[in-house]
Amino acid sequence: MNTTTKQKTQQLVLAAMFLAIGLALPFLTGQIPQIGGMLLPMHIPVLLCGLICGWQYGGAVGFVLPLLRFALFQAPPMPNGLAMAFELAAYGAVAGFLYSRSRWQCIVALYRSLLVAMVSGRIVWAAVRVVMTGVAQVPFTWQLFLAGALLNAIPGILLQLVLIPAVMVALDRTGMVQFRRKSENLV
């Protein structure tokens, strides 16, 4: 098996693992819906998938995860799950794209990628919710945006900003995922 095929297979297996983690992780917080909604458990594996596997896999896992979780477990409820599919796809794709294009893949580039991905995902989520207002006639106000995208999400945002870099640093130290310079071979 050549190197490219081996890397693609590894990325596909890792993406499937992140999808499985995304399906299971909400069960840890699902017993108390308010906590689950605040900790954003599906966001973490999607962001990690984008950073580790690349933007294509991050975007795909992000889009499929809430839809598959709804099909299997009836959560997240629709139509919120559809907006979340676009939001998570943006998270995974933007984080992976920006991180892979960073001159230095280090902790600073990681935080930049995460912050831009979080803002982008929330903008996409809001845009989809506005479109859904016209289709489903479910009102979406500025107050709902602030509550859903920012105020209720602060614990999850903080968790992501602590946990994801910690995981990436641990993976760097073990050699599984390495911070690198632009001049090194990109995947």
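Data block above holds the structure.
Cut-offs used in this document
Starting afresh in each chain, residues are numbered from 1 along the sequence in its written order. Reporting in this predicted model follows two pLDDT cut-offs: at least 70 for local features of residues, and 80 or more for side-chain atom pairs to be given and counted; totals over whole chains, interfaces and linings ignore these cut-offs and use all residues. Side-chain numbers here rest on the full set of heavy atoms in the structure, without hydrogens or water. Axis geometry follows a simple rule: fit a line to the C-alpha atoms, using only the stretch in contact for helices, then measure angles between N-to-C directions, giving values from 0 to 180 degrees. Only DSSP runs of H or I reaching four residues or more are called helices, and only runs of E reaching two or more are called strands; each is numbered from the N terminus. Note on angle classes: values under 35 degrees are labelled roughly parallel, values over 145 roughly antiparallel, values of 65 to 115 roughly perpendicular, and the remainder oblique. Handedness of each helix crossing follows the sense of rotation of the near helix against the far helix: counterclockwise by less than a right angle gives left-handed, clockwise gives right-handed. Any pair of residues with heavy atoms lying within 4.5 Å of one another is described as a contacting pair. Residues enter patches when they are more than 30% accessible in relative terms and free of salt bridges; like-charged ones are connected within 9 Å and nonpolar ones (Val, Leu, Ile, Met, Phe, Trp, Tyr) within 5 Å. Values of accessible area rely on a 1.4 Å probe in the Shrake-Rupley scheme; residue burial ignores everything except the protein chains shown. In what follows, salt bridge is the name for a side-chain nitrogen of Lys or Arg lying within 4 Å of a carboxyl oxygen of Asp or Glu. The buried label goes to any residue with under 20% of its type's maximum accessible area, the exposed label to any with over 50%, and the partly exposed label to all in between, with areas taken from a 1.4 Å probe on protein chains only. Only the six-membered ring of Trp is used, alongside the rings of Phe and Tyr, when aromatic pairs are assigned; centres must lie within 6.5 Å, and planes under 30 degrees apart are stacked while those over 60 apart are edge-to-face, with the rest tilted. To estimate how far a helix should extend, the number of its residues minus one is multiplied by 1.5 Å. The term bend refers to the angle at a residue between two fitted axes, each drawn through seven residues, those ending there and those starting there. Three categories are distinguished: nonpolar for Ala, Val, Leu, Ile, Met, Phe, Trp, Tyr, Cys and Pro, charged for Asp, Glu, Lys and Arg, and polar for the others, with Gly belonging to the last.

K.L.:
With reference to specific residues and values, describe the packing of helix α4 (residues 43–53) against helix α5 (residues 55–73).
P.N.:
Their axes nearest at 6 Å, the elements α4 and α5 cross at an angle of 160 degrees. By the criterion of interaxial angle, the relationship of α4 to α5 is roughly antiparallel. Note that α4 runs across α5; the crossing there is right-handed. Note on element contacts: α5 touches α4 through Trp-55, Tyr-57, Gly-58, Val-61, Gly-62 and Leu-65, opposite Val-46, Cys-49, Gly-50 and Cys-53.

K.L.:
Quick one: what's the story with a nonpolar patch on the surface, residue by residue and with numbers?
P.N.:
A surface patch of nonpolar side chains, about 330 Å² in accessible area, is lined by Trp-55, Phe-97, Leu-98 and Val-116. Mapped onto the secondary structure, Val-116 falls in helix α7 (residues 107–136). The exposure class assigned to Val-116 is partly exposed, which follows from its relative accessible area of 39%.

K.L.:
So, α4: which residues are in play, and what are the values?
P.N.:
Within α4, 10 of the 11 residues are buried, leaving the element largely enclosed by the surrounding structure. Every buried residue belonging to α4 is among His-43, Ile-44, Pro-45, Val-46, Leu-47, Leu-48, Cys-49, Gly-50, Leu-51 and Cys-53, and all of these are buried. One or two steps after α4, the chain reaches Gly-54, where phi turns positive at roughly 115 degrees.

K.L.:
Break down the packing of aromatic side chains for me, with residues and values.
P.N.:
The geometry of an aromatic ring pair is captured by two quantities: the separation of the ring centres and the angle between the planes. What the rule picks out here adds up to three aromatic pairs. Between Phe-27 and Phe-73, the aromatic rings sit 4.9 Å apart at their centres with planes inclined by 85 degrees, giving edge-to-face as the arrangement. Pair noted here: Phe-27 is in helix α2 (residues 26–29) and Phe-73 is in helix α5, with a separation of 46 residues, a long-range link.

K.L.:
For α5, give the residues involved together with the corresponding values.
P.N.:
Over its 19 residues, α5 extends 27 Å from the first C-alpha to the last, a length consistent with the 27 Å expected when each residue adds 1.5 Å. At Leu-65, α5 is deflected by roughly 30 degrees, the largest bend along its length, and proline Pro-66 occurs up to four residues later in sequence. Packing partners of the buried residues in α5 comprise α1 (3–24), α2, α4 and α6 (80–101). Note on α5: the residue one or two positions beyond its end, Gln-74, has a positive phi of about 65 degrees.

K.L.:
Requested: an account of the packing of α4 against α6, with residues and values cited.
P.N.:
Following both chains from N to C, one finds α4 and α6 inclined at 35 degrees, their axes separated by 7 Å at the closest point. Both α4 and α6 take part in a crossing whose hand is right-handed. Touching His-43, Val-46, Leu-47, Gly-50 and Leu-51 of α4 are Met-84, Glu-87, Leu-88, Tyr-91, Gly-92, Ala-95, Gly-96 and Tyr-99, all from α6. A breakdown of the residues in the contact of α4 with α6 according to their chemical character gives eight nonpolar, four polar and one charged.

K.L.:
If you had to explain the environment of Val-177 to someone new, which residues and values would you point to?
P.N.:
Assignment of secondary structure puts Val-177 in the segment after α9 (154–174). Excluding residues within four positions of it along the chain, Val-177 makes contact with Ile-52, Met-168, Leu-171 and Asp-172.

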